[in-house]
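# Structural description and commentary
Chain by chain, the residues run as shown.
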Amino acid sequence: MHALRQEILPPSGVEFATSLKLTPSTLRELRTPPNATTRHEFAARALCNVVIARSSLLRIFELREEPAPLQVDDERERRRALKGTEAVEGEVEMDEHGEGFVNIAKSTGQSVDAVRTVTKFYLVREHRLHGMVTGMEGVKIISSLEDKLDRLLVSFRDAKACASIALLEWSTAVHDLVTVSIHTYERAPQLMALDSPLFRAQLRVDPLSRCSALTLPKDAFAILPFYQTQAELDVMDQDQAQTRDVPYAPSFILDLPAAVDQNIRNVVDFVFLPGFNKPTIAVLFQEQQTWTGRLKEFKDTVRLVIFTLDIVTQTYPIITSTQGLPYDCFAVMACAASLGGVVILSSNSMIYVDQSSRRVILPLNGWPSRISDFPLPPIPPENQDRNLELEGCRATFVDDKTIFVFLKDGSVYPVDIVIDGKTVSKLTMGTALAQTTAPTVVRRITDTHVFVGSTVGPSVLLNAAHVEEEIDEDEEMSAPTAVVQMDIDYDDDDDDDIYGDSKATEPVTNGHANGKAAKKTRTVIKLSLCDALPSYGPIADMTFSLARNGERPVPELVAATGSGPLGGFTLFQRDLPIRTKRKLHAIGGARGMWSLPIRQPVKAGGITYEHAMDPYHTENDTLILSTDVNPSPGLSRIAMRAAKTDISITTRIQGTTIGAAPFFQRTAILHVVTNAIRVLEPDGTERQIIKDMDGNMPRPKIRACSISDPFVLIVREDDSIGLFIGETERGKIRRKDMSAMGDKTSRYLTGSFYIDSSGLFEHNLRSSVPVNGATTTLQAAVNAGNSGQSLILIRPQGVLEIWNLPKLALVFSTSMLSTLQNVLTDSHDSPASSLPQEPPRKSQDLDIEQILLAPIGESAPRPHLFVRIWAVSCVPGPNMLLRNQVFLRSGQLTVYEALAGGQGSELPATARASSLDIKFVKILSKAFEIQRPEEGEKGILAEHKRVLRMFIPFVTTPAPGTTYSGVFFTGDRPSWILATDKCGLQLYPSGHNVVHAFTPCSLWESKGDFLLYSEEGPSLLEWMPDFRLDGPLPSRSIPRGRSYSNLIFDASTSLIVAASSLKARFASFDEDGNKVWEPETPNVSDPLCDCSTLELISPDIWVTMDGFEFATNEFINDMAVVTLETASTETGSKEFIAVGTTVNRGEDLAAKGATYIFEIAEVVPDPAFSSKRWYKLRLLCRDDAKGPVTAVCGFTGYLVSSMGQKVFVRAFDSDERLVGVAFLDVGVYVTSLQTLKNLLLVGDAVKSVTFVAFQEDPYKLVLLAKDISSVCVTKADFFFADGQLSIMTGDEEGIIRVYEYNPHDPESKDGRHLLLRTEFNSQSEYRASTLIARRSNDDPMIPQAKLLTGSTDGTLSCLTPVDEHAFKRLQLLQGQLTRNIQHVAGLNPKAFRIVRNDFVSKPLSKGILDGNLLTHFEALPIARQLEVTREIGTDRTTVLRDWIGLSGAW
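Since we're looking at a predicted model, the values are computed, not measured. (Residues numbered from 1 in each chain as written. Predicted model: local features only at pLDDT ≥ 70, side-chain atom pairs only at ≥ 80, totals over all residues. Heavy atoms only, no water.)

## Notes on the overall build of the protein chain
Of regular secondary structure, the protein chain possesses 17 helices and 94 strands. In the protein chain, the proportion of contacts linking residues at least 24 apart, taken out of those at least 6 apart, comes to 61%. Of the roughly 62300 Å² of accessible surface on the protein chain, 49% is carried by carbon and sulfur atoms. (Helix = DSSP H or I, 4+ residues; strand = E, 2+ residues; numbered from the N terminus. Contact = heavy atoms within 4.5 Å. Areas by Shrake-Rupley, 256 points an atom, 1.4 Å probe, with all protein chains shown as cover.)

## A short note on the confidence of the model for the protein chain
Scored by pLDDT, the protein chain has a mean of 84; 83% of the residues are at 70 or more. Across residues 33-41, where pLDDT falls below 50, the model places 28 contacts with residues more than four positions away in sequence or in other chains. In the predicted structure, residues 80-113 sits below a pLDDT of 50 and forms 38 contacts with residues beyond four places in sequence or in another chain. (pLDDT = per-residue confidence, 0-100.)

## As for the packing of aromatic side chains
Taken as a whole, this structure holds 39 aromatic pairs when the rule is applied. Consider the rings of W976 and F1010, whose centres lie 4.9 Å apart with planes at 70°: the pair is edge-to-face. Taken together, the residues W976 in strand β65 (residues 975-980) and F1010 in strand β68 (residues 1009-1014) connect sequence positions 34 residues apart. Like W976, the residue F1010 is buried in the burial classification. Here F1136 and F1212 contribute two aromatic rings whose centre-to-centre distance is 5.4 Å and whose plane-to-plane angle is 75°, an arrangement assigned as edge-to-face. Taken as a pair, F1136 in strand β76 (residues 1133-1143) and F1212 in strand β81 (residues 1206-1213) lie far apart in primary sequence, 76 residues in all. We note that F1136, like F1212, is buried. One aromatic cluster is present, formed by F954, Y964, F968, W976, F998, F1010 and W1023 through successive ring pairs. A cation over a ring is seen here: R204 above F270, with NZ or CZ 5.5 Å from the ring centre. Stacked on the ring of F1208, the Lys or Arg R1210 has its end atom at 5.1 Å from the ring centre. (Phe/Tyr/Trp six-rings, centres within 6.5 Å; stacked < 30°, edge-to-face > 60°. Buried < 20%, exposed > 50% of the residue type's maximum accessible area, 1.4 Å probe, protein only. Lys NZ or Arg CZ within 6 Å of the ring centre and 35° of its normal.)

## Looking at the environment of L1055
Its location among the elements puts L1055 in strand β72 (residues 1055-1065). In this structure the C-alpha to C-alpha distance between L1055 and I1160, which are 105 residues apart in sequence, comes to 9.3 Å.

## Topic: a positive patch on the surface
Judged by side-chain charge, R1379, K1390, K1402 and K1406 come together as a positively charged surface patch. Within the secondary structure layout, K1390 lies in helix α14 (residues 1389-1393). (Patch = residues over 30% accessible without salt bridge, like charges linked within 9 Å, V, L, I, M, F, W, Y side chains within 5 Å. Salt bridge = Lys/Arg side-chain N within 4 Å of Asp/Glu carboxyl O. Lys, Arg positive; Asp, Glu negative; His and termini not counted. Charge placed at Lys NZ, Arg CZ, Asp CG, Glu CD.)

## With respect to the side chain of R795
In this structure, R795 sits in the loop between β54 (789-794) and β55 (800-804). A polar side-chain atom of R795 sits 2.7 Å from a polar atom in the side chain of E801. (Polar contact = N/O pair within 3.5 Å; in protein donor to acceptor, adjacent residues only side chain to side chain.)

## Notes on the packing of helix α15 (residues 1411-1419) against helix α17 (residues 1436-1446)
Contact pair α15 / α17: the axes reach a minimum separation of 11 Å and the direction vectors enclose 135°. In terms of axis orientation, α15 runs oblique to α17. Handedness of the crossing formed by α15 with α17: left-handed. Between α15 and α17, the contacting residues are G1411, L1414, T1415, F1417 and E1418 on the first element and V1439, L1440 and W1443 on the second. (Axes fitted to C-alpha atoms, helices over the stretch in contact; angles between N-to-C directions. Parallel < 35°, antiparallel > 145°, perpendicular 65-115°, else oblique. Left-handed = near helix turned anticlockwise from the far one by under 90°.)

## Points about the sheet that holds strand β34 (residues 568-572)
In spatial order, the strands read β32-β33-β34-β70; together these four strands make up an open sheet with antiparallel pairing. Sheet topology places β32 (539-549) and β70 (1035-1039) at the edges, where each strand pairs with a single neighbour. Each strand of the sheet is rotated relative to its neighbour by a mean of 25°, with strand direction disregarded. The pairing of strand β33 (residues 552-561) with β34 spans five bridges and is classified as antiparallel. Paired with T561 across the two strands is G568, which belongs to β34. (Pairing = 2+ DSSP bridges.)

## A short note on unusual backbone geometry
Peptide bonds are trans in most cases, and residues, glycine excluded, mostly fall at negative phi. The omega torsion across D709 and P710 is 15°, close enough to zero to call that bond cis. Its place among the elements puts P710 in the loop between β48 (702-708) and β49 (711-716). Backbone torsion omega between L805 and P806 reads 10°, so that peptide bond is classified as cis. Examined against the element boundaries, P806 turns out to sit in the loop between β55 and β56 (809-814). Notably, N266 is not glycine yet its phi reads approximately 55°, a positive angle. Despite not being glycine, L808 shows a phi value in the positive range, around 55°.

## Side note on the pairing of strand β43 (residues 668-673)
Of all six residues that make up β43, six are buried, and the element is covered over most of its length. A two-sided burial pattern is seen for β43, the buried positions comprising A668, L670 and V672 on one face and I669, H671 and V673 on the other. Looking at chain direction, strand β42 (residues 657-663) and β43 are connected through six bridges and run antiparallel. In the sheet register, G659 faces β43, and the bridge partner there is V672. Linking β42 back to β43 in an antiparallel pair, the connection comprises four residues, with F664 at a positive phi of about 50°. Looking at chain direction, β43 and strand β44 (residues 676-680) are connected through four bridges and run antiparallel. The partner of L670 across the bridge, within β44, is V679. Between β43 and β44, which follow one another and run antiparallel, lie two residues.

## Concerning the sheet that holds strand β13 (residues 252-255)
Taken together, the four strands give an open sheet; going across it, the order is β10-β11-β12-β13, and neighbouring strands pair in antiparallel fashion. Of all strands in the sheet, those with a lone pairing partner are β10 (203-205) and β13, marking the two edges. If you compare each strand with its neighbour and ignore which way they point, the axes differ by 25° on average. Taken together, the four bridges between strand β12 (residues 220-225) and β13 define a ladder with antiparallel strand orientation.

## Examining the side chain of D1086
Relative to the helices and strands, D1086 resides in the loop between β72 and β73 (1088-1098). One buried charge, D1086, has no salt-bridge partner; the nearest side chain with opposite charge is K1075, at 4.5 Å. With near-sequence residues (within four places) excluded, D1086 lies in contact with R1065, F1066, W1077 and P1079.

## Section: α15
Taken together, the buried positions of α15 are G1411, N1412, L1413, L1414, F1417 and E1418. Backbone nitrogen of N1412 and a side-chain oxygen of the N-cap are separated by 3.2 Å at the start of α15; the cap is D1410.

## Let's talk about the nonpolar core
By size, the foremost hydrophobic cluster in this structure holds 26 residues, and its most contacted members are V343, M350, I403 and V405. Counting residues per element, the ones that place at least two in this core are β18 (329-334), β19 (342-346), β20 (349-353), β21 (359-363), β22 (394-399), β23 (402-406), β24 (411-420) and β25 (423-429). With near-sequence residues (within four places) excluded, V343 lies in contact with A331, V332, M333, C335, M350, I351, Y352, F397, I403 and I417. Listed in part, the 22 residues of the second largest apolar core include L760, I794, F812 and I848. (Core = buried A, V, L, I, M, F, W, Y, C linked by side-chain atoms within 4.5 Å.)

What follows is the structure, encoded as structure tokens:
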């Protein structure tokens, strides 16, 4: 049996982070966009790049400082201040459509207030790598002297525990990372050890980038030197021709015990020290390992050695050696060169060690004096009650003498290094500043910014600004040196969750006037929140529930995510969640709908005038134009919303509408039908009609159009086009001369207009003659302040052309679009020839059906907000990215991002007078299986069956302060195409079978509404609130302030039962009930142990209806919904909640456990809540056990539970006690139980998996087969499809194994042994899984099983069955992709998934396909796809059909 493993959601959180100047945009300021208001004179700038990684996911962000958005009231006040009076209506209209108000403040020499700025993350690129990231650093190489850019150094680990380092740099040509070199240490003797898979590598880089060091097993470093100057190249005795392009010297392995000090072993941490002429390393190691039970024999076993790395002479002299450090030291930090020395973190203290081995300690609780002989300073009275634990903490320097310590609960404490003369006298810790996220990595990324990355919750960017304050002389020592700035409002919904209240007070300033009192100033660090990267953390458990989007029930995946205070639930849906607000069957619209903001004229005193437009409020739509095919030849309607009434049809027009849009500054409607172009008044009456005629002969019907005031493009069925332009002074349209485009009979497949609101085209237009010319008409004068317009056309041979308007100058041309190349650049060719053919050309398979250039991203459509689209001579981008979207008739949707070309200001020597220096980079490619019309079918019926597949751009504001620009894709695979600031482009299904028409609509005073015509007819929709669109699945976070270990969904009540994970203080008692040990001082506390509570939660309002508290030393291992016999129902059975627990009794006594049976009972509703029904948990039975009850599940009518190595089957007697009917010894420690009918699957921590059957007459558990190898199984599941059954298991290393039960195979020893068929290294451990039904196209009676797994790194994956023929094709394709495409960092996908097994001759890797690798096939250019499939003996269409049939979340 074969399967495909796909990652639905990538790993979540941040495990590694580094800051560097990687992209060219960080070297210059971002240009202010056109039409910027006065407050935007501050140019946004990219401070640096921040690269983060979690498991195999690598993301590159740009950190930008930009003007903060103003609110509407602030903008009005600013305009009033500039003008001096309130603007009259005419001036307001001039400001909206003319050239704007004059900057009075600037012209009169008045001072303008400093612009308030914000610092935010913007995603540049992301990759799912074929290796696990173990470290990241930024380095400078010899090439950095020329381009001023840093390089990225990343260390990896693959399935064979092979350590490797990759040197990467940014390529502007492909807008991505490219590999400079890769260094692997697979053959190093240190990696041959048996325990090498347990080793965790660390990567460090010298502050001057002279070399890097990667830790290896057996106390060794892999040193990679980098050349910094040409002089270093000359010193090396190598061929200059070879080293000229090589930025590094040969790497070597430094064996610390052999080369530095024989006592160095068990390396804990190391760091490079700044301020030395040669690379200098401080190594923290434990010469003799110990633990708390051996402190009487060994304590203070940690040592520190500082030595110099002389790469040329291969000598390593020791500078300093310090002994007698506490055994619990775990990290070392390098101090600034001006201070020298290092700071060592231990679990209970902080220690400063200088170069002379002088030590200064700061105890943080009462334990240092009890576990160490280290001399301690006297503790001040105010700190004697301080009880802090540094386990799991992270720390960083915010300046030369101030350290911020982030505890594992997120508390931030400042630590100051006090200097007396030239030596450090003491360390002082202030009170907690704030509480932020639980830290995994803390990096100081700029002089004033600190990044706190977390693997269990959101990661935050903090601003640690240095501010000079005046203080009195007597306050100099008492006032804190770090405070929280509370008056900054960043409009972030997560502020309250991520960033708590300040526990410090502002320093008091003495208020003497006129400077009479002597003042002193000092620097105070003010801490504030800048931005956050959302993350949900590890998935502890998950279950499906039934949610309601309005009145529509949908499946929703509920996952228990996060840890500690950041714990809670994360809800995932497959489709973008929408709800119906109202049905609008009266307007029709099966062939198209357009909601238009037309300015309605008003008659007063016989004079007609138009309403002035309010610049502070974007106008809402005023009418809806819809069209249908039936009755023939089509019918169009104009509907308006009357005051205090529903919508009504005001005008009916014969004919099918092809397109409609507001025209002449929204004073008229431009209406295109199949044979004419019409200008309509706002009430629907006809102002002008231009019939599409060639003399007296009618032209072929119009099949498509594009409208952009004042231009109109039509495309006819014979692929000819027509171009029209509006004349504002006449209020009418006329044909535009197209002689500049060549022969007027030229053929084009499709075309569209683009309005350059970003300035990308304007800034990158290279022209030898003026393109736009002088503004001579009223229309040109009105639009003089607006952005330029361009016309994009596709010729039949696949040539993409961009024509500048209004003069129709060709500025961009490329033929690479027809094969969907990864990067499209200007070919600088003259206009291509596309004359009509005889016989007429027929549609071909790879013809481009539609093209659209539109902004996509997160933006604010109101005119006072800074539109964050920009372009200078480098890469553009903030939060609205230009995308060039192409849909092929074969079902291939491809999205490109438009970027600056980077070719400079020189115009190539071509026949063209103008050139657009841009490029298009492919960022998304998706194949669709679409319904093709039957050949030869024509007529009204065929037209009625035809499905329109179109890109429709939209701008929506689902919530105040949040605006998205996106594209909706209609047809039989309707989808939303969106992007956010911190996430790449995403494609979300709409949840409909087919969508015929779509338009954004604000007719009902809401900017978040959409009109959509689906299989249910026309409806007004809106997005469900609170869902985040920053991942492949729409998600919603339910913060609970605690984490949960287990989740189940009770179908009978539609409620969720959850087990929360809490901490309680543990105390051990003797036989007389007295405490064995009690803390004698306040700064020594009791240890903590796990405990649990059971909660009954309503998924509608997310309120805990009821709960059950266990003992403080009892926690839940597993729980399940089981069907047991009962006399309380007519059927004789009922669903109960079974819970298995562990009772922890300390180190000296064996743990016990218990089995609980609960029922969910309905009670009188609580009037304080809106829920109509209310439920309680009722305990029916508690059955004590001699050991922990580690897993529970159920057969029909029986409870299955495990205690240690035994499995019990029990019946529920009289609703009050459990009676055993069968048992079986299966292993050492049962971790997983799973049932299917009367079959039982038992996973064990040592004895792998056991396959068992249960019989009732007589009661007996029968051992069918088992795995004879020793494997730690954390989860075991059944997996079946098409009459075949397999067993899936996962272990602690993330290895997925597929077993088969086949008694007819001789290797199974008459069926006693399970046959291991496949081993696949997923690299992420999963303890949560759920089985769902998957029905194939032929819809069999018994569905296939699809297995969803949730991993500890946040990955959500699925295993899908694959039939034999498709599997063989995809497996061959996988081999081709492994060998024939370039992988990021030169990683090997095959080695990434391989599993070492010494009991087989070759790896068992051919049963599971790697979905992450196969995904690259869709992104390949068509020519490469054809080439790859030809080599494996199949065709591209067949492979895509196989792939499409397997895709989808659930």
